[in-house]
Amino acid sequence: MVEAKVIVIEPSELEATALQALLHFLDIEAVLIRDLAELRSSTHCNTSDCVALIARRETVTALGAELVTHLRAMRQPLPVICISADGLPKIAETSSDVAWFHLETPVKQRRLSAVLHQAQNVRSGHPTQPGAHRFRPSGASKAMRAVHRLIEQVAPFDTNVLILGESGTGKEMVARHIHELSGRAAHPFVPVNCGAIPADLLESELFGHEKGAFTGALSTRVGRFEFAEGGTLFLDEIGDMSLQMQVKLLRVLQERSFERVGSNKTIRCNVRIIAATHRDLDAAIIAGRFREDLYYRLNVFPLQMPPLRERLDDLPVLIEHLVQRQGQCAGRAIQFDQSAMNCLARNRWPGNVRELANLLERLAILFPAQTITAADLPDRYRGSAGVWLGSEVRIDATQAQEPERETEPETEVVQERESDAVVYEMMDAELPRGGIDLKDHMSAIEIGLIRKALEEADGTVAGAARLLRIRRTTLVEKLRKYRLSA
């Protein structure tokens, strides 16, 4: 980094001088510029020794699109290092052709040095890093701002990271973003789904094998650890790894070396490990399914991904991002009206961002380049009309409609009284002396009632659903769950 230059856009002389002193300590020349006019006239921007442009978030926001337009006009756009306490400005999301880096305040020497190193990699034109936030998880909610802050803090180090969270929350994207922000960005990022590879083949997949090591090993094969040399190995679904493989992985983490299957030659490795799982590893340790020593080796820096239902503020941003990505690929970008947004905001999203992406892809196929209304959504996403208010949806009592009932009101009253009697009868039931498996007991009751309803409805699902007072689609799911047939 010696003899490198950075452009500092800072109207405040005091702030500019302080940053210049810190850069000088790192042997980096700071070219101080007050505004965009001085930036346009500067001869330093297109020189090969100019590493990045540094500015506070307030300055970037004030310059806005004019700054991005000027950067795009360069032979090679300068990476932008934005100094702020709460992440990158919104314009960074809409200008992915410019490399953006976040530098948290107060500025620390070690973090500044790491970010400048990453910016220099981008400036040198390395093909593996065209944009520093290419894999940056979308969202500016409080939960996601905390995630972004943790990512930026751990990325410059070789610390093992354990990403926790439900399926579909974007754990692999977080791992890729950590890799891109690290000093290993110029080397491979190699993902491995430990749950998708049979236990007897995972060892060969990770460490490779020699020719003739086992039946079918017709040639020598290089493993994922060797592919990832110098870079990052992402072990997805680590909670599904067998105990035998956990022991071997633990040895690699301790010794930083391994042997191919069928070989006694030790191979040294320089690989950063990022693991992820949707399982409760603490419970798995208690149950004897996961090694406690491996857990502590991986869990050096835990990072919890919030489910989508806990960050509904990000729903519009996620939809815009996913729709743009799909529209660019297939030319079928869609839009959502307020009624559709209200319905989507009311959903619990058990499949998280992956479920949202799949829904948008389905709608883009059914309604290419159209505006989606509530009526266009699949049944499970439709509900009472609500008012979108950030992270919550409030129901308008004048617009909300009760679900359609096909039974007469008098019949409903009788059914309610009968159901009350059943509840009271169940409350009076005695608990067996040896206890009871409540889950199995309730499932048995549910199966019995479903069978009786099907008998009374002559085997029709719609009729049985009316008797049980549930949606037809809900009953279909329960039939599949209990493997019953109408």
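Residues numbered from 1 in each chain as written. Predicted model: local features only at pLDDT ≥ 70, side-chain atom pairs only at ≥ 80, totals over all residues. Heavy atoms only, no water.

Caption draft 1: Looking closely at the overall build of the protein chain. The helix and strand inventory of the protein chain stands at 19 helices and 18 strands. A burial count over the protein chain gives 43% of its 486 residues as buried. Residue pairs in contact within the protein chain that sit at least 24 positions apart in sequence constitute 71% of those at least 6 positions apart. Total accessible area on the protein chain stands at roughly 26,200 Å², and carbon and sulfur atoms take up 51% of it. (Helix = DSSP H or I, 4+ residues; strand = E, 2+ residues; numbered from the N terminus. Buried < 20%, exposed > 50% of the residue type's maximum accessible area, 1.4 Å probe, protein only. Contact = heavy atoms within 4.5 Å. Areas by Shrake-Rupley, 256 points an atom, 1.4 Å probe, with all protein chains shown as cover.)

Caption draft 2: Geometry of the pattern of salt bridges. For the structure shown, the criterion picks out 18 salt bridges. Ionic pairing is found between R184 and D158, a salt bridge with its closest N-O pair at 3.0 Å. Here R184, found in the loop between α7 (171–181) and β7 (189–193), pairs with D158, found in the loop between α6 (142–154) and β6 (161–164); they are 26 residues apart in sequence, far enough to count as distant. Classification of D158 as partly exposed rests on a relative accessible area of 47%. (Salt bridge = Lys/Arg side-chain N within 4 Å of Asp/Glu carboxyl O.)

Caption draft 3: Geometry of the packing of aromatic side chains. Counted according to the given criterion, the structure contains six aromatic pairs. Arranged with centres 5.7 Å apart and planes meeting at 40°, the rings of F225 and F258 form a pair that is tilted. A residue pair is termed long-range when its members are at least 10 positions apart, and F225 in helix α9 (residues 224–227) and F258 in strand β11 (residues 257–259) qualify at 33 residues. On the basis of relative accessible area, F225 is assigned to the buried category, the value being 1%. (Phe/Tyr/Trp six-rings, centres within 6.5 Å; stacked < 30°, edge-to-face > 60°.)

Caption draft 4: Looking closely at the confidence of the model for the protein chain. This prediction gives the protein chain a mean pLDDT of 80; 83% of its residues lie at or above 70. pLDDT under 50 marks residues 126–132. Its contacts with residues more than four places away, or in other chains, come to 19 contacts. Note that pLDDT drops below 50 for residues 384–427; the model gives that stretch 41 contacts with residues more than four away or on any other chain. (pLDDT = per-residue confidence, 0-100.)

Caption draft 5: Seen up close, the nonpolar core. Among the nonpolar cores identified, the biggest contains 37 residues, and V6, L23, I81 and I178 are the most heavily contacted of them. In terms of residue count, helix α5 (residues 109–123) provides more of this core than any other element does, five residues in total. With residues near it in sequence (within four places) discarded, L23 still touches V6, V8, I28, A30, I54, L112 and L116. Grouped together as the second largest cluster of nonpolar side chains are 33 residues, L233, M245, A275 and L294 included. (Core = buried A, V, L, I, M, F, W, Y, C linked by side-chain atoms within 4.5 Å.)

Caption draft 6: Quick look at the environment of L181. Relative to the helices and strands, L181 resides in helix α7. For L181, a relative accessible area of 5% puts it in the buried group.

Caption draft 7: Unusual backbone geometry, seen in detail. In this chain, T105 is followed by P106 through a cis amide linkage whose omega measures -5°. Structurally, P106 is set in the loop between β5 (100–104) and α5. Of note, R469 is a non-glycine position whose phi angle comes to about 55°, a positive value. Inspection of the secondary structure assignment puts R469 in the loop between α18 (461–468) and α19 (472–481).

Caption draft 8: Fine view of helix α15 (residues 352–366). With 15 residues, α15 ought to run about 21 Å at 1.5 Å a step, and its terminal C-alpha atoms sit 22 Å apart, in line with that. Every buried residue of α15 is accounted for by N352, V353, E355, L356, A357, L359, L360, L363 and A364. (Expected span 1.5 Å × (residues − 1).)

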